[in-house]
Amino acid sequence: MAAAAAGPFSLREVLDAFRRCVTEQREVLLEPYLSGWRGLIRFLQSLGAVFSFISKDAVSKVALLEAHRQQHRFVSLQALVQHELAAGPAALRARPDSGCRTVLRLHRALRWLQLFLEGLRSGEPRTSVLCTDAYNASLAEHHPWVVRKAATVAFCALPSRDAFLEIMNVGSAEEAVAMLGEAIPYIGDVYGITQELFAKHKLLDLP
Ligand code: 1Q0
C-alpha cells in the first residue's frame, strides 16, 4: 500500500481500489475507498498549483477519515455510519468533524468524477466544458458562490482530453478510453450504495 503512494499516477490503481471497495454483502470498504481517493488526489496535484485549493480540501478530508478508521477500526462505511448514528441524529448533525459529513463531501465529489469520466469517454474534446457540466450537475449546488467561481476559473486550466488520456498512464488513447469504461461502473456502484445508505439514514443534508 505504501508503494502505491509513490511513482506516477495510474488510472489502473484507482480502478483497482474502487473495484476492491464493494463486498458481496454490498458494503463499502473504507481502506480501498480512501486509497482510491489518494490516487485521485495525486492526479489532481500533478495538474499544478491552480488546483491546490481543491486538493488541500480533499487531503484534509481523507486524513480525517483515515484517523477515524484507525481509531475505531472501522472496516466499512456502514460501520462508521452505525457508530456515529448511535449517538443520535442531533449529536451527529452538531459535529463539524464527523466521519459522516466528511464522507458526504467526498461522496458528492464522486458523483462529479463519475460524470466527468463519462464525459471524457464520450469524446468531447473540451475538458473544461466537461468538467464544468459535471460540476454543475453535482457539487455546485452544495458550494457557495465564491467556491463555484474559483472552481470554474480553475477548470479553464485543465489539460486537453488527449493529455488527460495520456497522464492516465494506461497506454494508447483507445486503451485509456477502454479503461474508463471499465472504471465508471465500479465508481457508480460505490456511489449508488453510499447514496442509498445516506438516504436511508437521512444523512444527505448533513451540515
Ligand atoms: C480535474 C479537475 C478536478 C476538479 C475537481 C472538481 C471538484 C471541484 C471542487 C471545488 C472544491 C473546492 C474546495 C473546497 C470545498 C469545500 O468547501 C467543500 C465542502 O467541504 P466543507 O468541509 O467546507 O463542507 N468540499 C468539497 O466539496 C469536497 C471537494 C473534494 C474534491 C476532490 C476532487 C478530487 C479530484 C480528483 C481529480 C480527478 C481527476 C479525474 C480524472 C483522472 C482520471 C482518473
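Sequence order as written defines the numbering, with residues in each chain counted from 1. Restriction of local features to residues with pLDDT of at least 70 applies here, the model being predicted, together with a cutoff of 80 or more for giving and counting side-chain atom pairs; totals for whole chains, interfaces and linings are based on all residues. Neither water nor hydrogens contribute to the side-chain values; these are computed over all heavy atoms in the structure.

An unreviewed UniProt entry annotates the protein as Ceramide-1-phosphate transfer protein originating from Taeniopygia guttata. Of the protein, the UniProt comment under Sequence similarities (unreviewed entry) reads exactly: "Belongs to the GLTP family." UniProt positions are given in the numbering used here, feature names are shortened, and annotations may be inferred rather than shown by experiment.

1. Some thoughts on the site of the ligand
Throughout this document, a residue counts as near a molecule or strand when at least one of its heavy atoms sits within 4 Å of that molecule or strand. The environment of the ligand is made up of 26 residues, and the closest members are Asp57, Lys61, Arg101, Arg105 and His143. What qualifies as a polar contact is a pair of N or O atoms within 3.5 Å, subject to a donor-acceptor requirement within protein and to the restriction that residues adjacent in sequence count only when both atoms come from side chains. Note that an oxygen atom of the ligand is positioned 2.8 Å from one of the side-chain N or O atoms of His143. The Shrake-Rupley method, run with a 1.4 Å probe sphere, supplies the accessible areas, and residue values consider only the shown protein chains as cover. Relative to its free-state accessible area of 970 Å², the ligand is covered by the protein chains to the extent of 90%. To qualify as a helix, a DSSP run of H or I must reach at least 4 residues; to qualify as a strand, a run of E must reach at least 2; elements of each kind are numbered from the N terminus. For the shell around the ligand, the secondary-structure elements that each account for two or more residues are α2 (30-46), α3 (52-72), α6 (99-122) and α8 (145-155). The nonpolar class holds Ala, Val, Leu, Ile, Met, Phe, Trp, Tyr, Cys and Pro. Asp, Glu, Lys and Arg form the charged class, and all remaining residues, Gly among them, are polar. Considering only residue class, the shell around the ligand consists of 21 nonpolar, one polar and four charged.

2. Structural notes on unusual backbone geometry
Phi at Arg73 is positive, roughly 55°, even though this residue is not glycine. Tracing the chain through its elements places Arg73 in the loop between α3 and α4 (77-85). In this scheme, a residue with accessible area under 20% of its type's maximum is buried, one over 50% is exposed, and one in between is partly exposed, where area comes from a 1.4 Å probe on protein chains only. Among the residues examined, Arg73 registers a relative accessible area of 71% and is labelled exposed. Not every positive phi belongs to a glycine, and Asn169 is a case in point at roughly 60°. A relative accessible area of 43% means that Asn169 is categorised as partly exposed.

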